Amino acid sequence: MRDAAPDDSPRREIVQRGLWFEEFEVGVAYVHRPGRTLTEADNVLFTTLTMNTQSLHLDAAWAAEQKGFDGQRLMNSMHTLSTLVGLSVAQLTQGTIVANLGFREVSFPAPVFHGDTLYAETVCVDKRPSASRPGQGIVTLEHVGKNQHGVIVARAVRTALMQMRPDDRSV
């Protein structure tokens, strides 16, 4: 029987989810693994889907003539930002977020190239109950992305509206 433990008692289930508002701890760093290796296919797909025809992302011949990045094409920075936030979802917000409220202090201090691996960590920098939405709270998260060499390549501060723990503790 798949629905019972070996001793015929009902099995206990653990469902993967993000954190409830109350579970976020200010000052704690949440390290997200695994990382994500960013490929040329990722870059071309994301860049063309978003209608970003910038030669920095799509034109290898043009990029080869440029001096700024050793002739390499850059990963689309919006793809880098999306992946940075995406790496945090399973651990922090899966099924517990209400909405992203905004991003600020977004920066890309070093380039990301095809074949680089992005690793992410998030620090909860602030949280407070929502004044207008009972049962929800506002969490401020600082996401930092590093490449495989430990170089910071992306940083963003995000504010999100999160669900508080339901009254029914069996959820």
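So, here is what we can say about the structure in this document. Nothing here was measured: the structure is a model prediction, and the numbers come from that model. (Residues numbered from 1 in each chain as written. Predicted model: local features only at pLDDT ≥ 70, side-chain atom pairs only at ≥ 80, totals over all residues. Heavy atoms only, no water.)

**Looking at the overall build of the protein chain**
Across its full length, the protein chain carries five helices and five strands. Secondary structure elements of the protein chain occur, N-terminal to C-terminal, as β-α-α-α-α-α-β-β-β-β. For the protein chain, the C-alpha radius of gyration of 20 Å lies well beyond 16 Å, the compact-globule estimate for 171 residues. Its C-alpha atoms put the protein chain at 65 × 45 × 30 Å along the principal axes. Across the 171 residues of the protein chain, 36% fall into the buried class. A total of about 10,100 Å² of accessible surface is found on the protein chain, and carbon and sulfur atoms cover 53% of it. (Helix = DSSP H or I, 4+ residues; strand = E, 2+ residues; numbered from the N terminus. Rg over C-alpha atoms; globule rule 2.2 N^0.38 Å. Buried < 20%, exposed > 50% of the residue type's maximum accessible area, 1.4 Å probe, protein only. Areas by Shrake-Rupley, 256 points an atom, 1.4 Å probe, with all protein chains shown as cover.)

**A short note on the packing of aromatic side chains**
Inspection of every chain in the model, using the stated rule, returns two aromatic pairs. Ring geometry for Phe24 against Tyr30: centres 6.2 Å apart, planes inclined by 75°, an arrangement best described as edge-to-face. Here Phe24 matches Tyr30 in class, with each residue buried. A ring pair is formed by Phe69 and Phe113, whose centres lie 6.4 Å apart and whose planes are at 65°; its orientation type is edge-to-face. (Phe/Tyr/Trp six-rings, centres within 6.5 Å; stacked < 30°, edge-to-face > 60°.)

**Looking at unusual backbone geometry**
Of note, the amide linkage connecting Arg33 to Pro34 takes the cis form, showing an omega dihedral of 5°. Relative to the assigned elements, Pro34 resides in strand 1 (residues 29–37). Here the phi dihedral of Met51 falls at roughly 60°; this positive angle occurs in a residue that is not glycine. Here Met51 is to be found in the loop between helix 1 (40–49) and helix 2 (55–58).

**Focus: the pattern of salt bridges**
Scanning the entire structure with this criterion turns up eight salt bridges. Close ionic contact of Glu13 with Arg11 constitutes a salt bridge, the shortest N to O distance being 2.7 Å. Judged by relative accessible area, which is 54%, Glu13 ranks as exposed. A salt bridge links Glu105 to Arg104; the nearest nitrogen and oxygen atoms lie 3.7 Å apart. (Salt bridge = Lys/Arg side-chain N within 4 Å of Asp/Glu carboxyl O.)

**Focus: the nonpolar core**
Within the largest apolar cluster, 11 residues are counted, these being Leu19, Phe21, Phe24, Tyr30, Leu92, Cys124, Val139, Leu141, Ala160, Met162 and Met164. Counting only elements with at least two residues in this core, the list comes to strand 4 (136–146) and strand 5 (152–163). Filtering out sequence-adjacent residues up to four positions away, Phe24 remains in contact with Leu19, Tyr30, Leu92, Cys124, Lys127, Val139, Leu141 and Met162. (Core = buried A, V, L, I, M, F, W, Y, C linked by side-chain atoms within 4.5 Å. Contact = heavy atoms within 4.5 Å.)

**So, the pairing of strand 3 (residues 117–129)**
Summarising the sheet, strand 1 and strand 3 pair through six bridges and their orientation is antiparallel. Bridging across to strand 3, Thr37 finds its partner in Thr117. Note: strand 3 against strand 4, 10 bridges, orientation antiparallel. When the bridges of strand 4 are listed, Arg128 appears paired with Ile138. (Pairing = 2+ DSSP bridges.)

**Looking at the sheet that holds strand 4**
Strand order across the open sheet formed by five strands is 1-3-4-5-2, with antiparallel pairing between neighbours. Bordering the open sheet on either side are strand 1 and strand 2 (97–107), each of which pairs with just one other strand. Neighbouring strand axes in the sheet, compared pairwise and without regard to direction, differ in orientation by 25° on average. Its contacts with the sheet place helix 4 (residues 77–86) against strand 1, strand 2, strand 3, strand 4 and strand 5, and it is angled at close to 55° to strand 5. (Axes fitted to C-alpha atoms, helices over the stretch in contact; angles between N-to-C directions.)

**Considerations on helix 1**
Taken as a whole, helix 1 has its buried residues at Asp42, Asn43, Phe46 and Thr47. Within helix 1, the buried residues cover an arc of 115° as seen down the axis, which keeps them to one side. Turned more than 90 degrees away from the buried face of helix 1 sit Ala41, Leu45 and Leu49, all of them exposed. Those residues of helix 1 that are buried are in contact with strand 1, helix 2 and helix 4. Backbone geometry just after helix 1 places Met51 at a positive phi near 60°. (Arc of directions from axis to C-beta.)

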